[in-house]
Amino acid sequence: MSNDLMRFSVAMPEDLLIRFDRLVARRGLAKNRSEVVRDLVRDALVEDDCAMPGVEVMGTLTIVFDHHASDLQEKLHAIQHDCFDSIVSAMHVHVDEHTCLEVIVLRGETGFVQDLANLILGTKGVQNGKLVLTTTSRECDKGTGHLSHYGEK
Ligand code: NI
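The shown structure was predicted, so the numbers you read here are calculated from the model rather than taken from an experiment.

1. Here we look at the coordination of the nickel ion
Protein coordination at the nickel ion comes from His 92 (NE2), His 94 (ND1) and Cys 100 (SG), with a distance range of 2.1 to 2.4 Å. Read from N- to C-terminus, the donor residues coordinating the nickel ion fall into the pattern H-x1-H-x5-C. The exposure class assigned to His 94 is exposed, which follows from its relative accessible area of 61%. Cys 100 sits in the buried class, given a relative accessible area of 2%.

2. Thoughts on the environment of Gly 125
By the secondary structure assignment, Gly 125 is in the loop between helix H4 (110-121) and strand S4 (126-134). As a C-alpha pair, Gly 125 and His 67 span 58 residues in sequence and 8.6 Å in three-dimensional space. Excluding residues that lie within four positions of it along the chain, Gly 125 makes contacts with Phe 65, Asp 66, Ala 69 and Leu 72.

3. Quick word on the pattern of salt bridges
For the structure on display, the rule yields seven salt bridges. Here Arg 38 and Glu 35 are joined by a salt bridge, their closest N and O atoms 2.8 Å apart. In this pair, Arg 38 and Glu 35 are both assigned in helix H2 (residues 33-50), three residues apart and thus about one turn of the helix distant. The same class applies to Arg 38 and to Glu 35, which are both buried. Taken together, the salt bridges that share partners define one network made up of Arg 27, Lys 31, Glu 35, Arg 38, Asp 39 and Arg 42.

4. Notes on the sheet that holds S4
One open sheet accounts for four strands, arranged S2-S3-S1-S4; its pairing is antiparallel. Of all the strands in the sheet, the pair left with one neighbour each is strand S2 (87-94) and S4. Pairs of neighbouring strands in the sheet enclose a mean axial angle of 15°, with direction left out of account. One ladder, built from eight bridges, connects strand S1 (residues 56-66) with S4; its direction is antiparallel. Its bridge partner lying in S4, Met 58 is registered against Thr 134. Most of the contacts of helix H3 (residues 72-82) go to S1, to which it runs at about 170°, and overall it touches S1, S2, strand S3 (99-109) and S4.

Procedures and definitions
Residues numbered from 1 in each chain as written. Predicted model: local features only at pLDDT ≥ 70, side-chain atom pairs only at ≥ 80, totals over all residues. Heavy atoms only, no water. Donors = N, O, S within 2.8 Å, 3.2 Å for Na, K, Ca; no water. Buried < 20%, exposed > 50% of the residue type's maximum accessible area, 1.4 Å probe, protein only. Helix = DSSP H or I, 4+ residues; strand = E, 2+ residues; numbered from the N terminus. Contact = heavy atoms within 4.5 Å. Salt bridge = Lys/Arg side-chain N within 4 Å of Asp/Glu carboxyl O. Pairing = 2+ DSSP bridges. Axes fitted to C-alpha atoms, helices over the stretch in contact; angles between N-to-C directions.

Encoded structure:
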């Protein structure tokens, strides 16, 4: 497989293209349509990989909770100790007098990681949160050995 850039044409409605160009502009001067399309394709491929049963993934789970909620911290702690081999790290931030934010890094089989995240998210007292999955699949690596995003049109 070659990392040479291949060109192809894309047809889309004008209003969609106008909105896409606004997105490209918001991503900064170093980005152009081609670079943003590549980013979106890579994101879609990672998402698709992570949906395949059995694939190994890394996940970051961010949760927000009130540390005064009854025995919530103990429950969250117990879950993480029970699954210690799937929990890589956890960072706890005291947001204010009441609110805590925790970022938990998970690794393992995608179904298990999602189940574990849902268990934590579903624990009574967790106010909100989100799991973001990624893989380290070679096909999805951003590095291509050259810095094509510096000036490529
Ligand atoms: Ni705290």
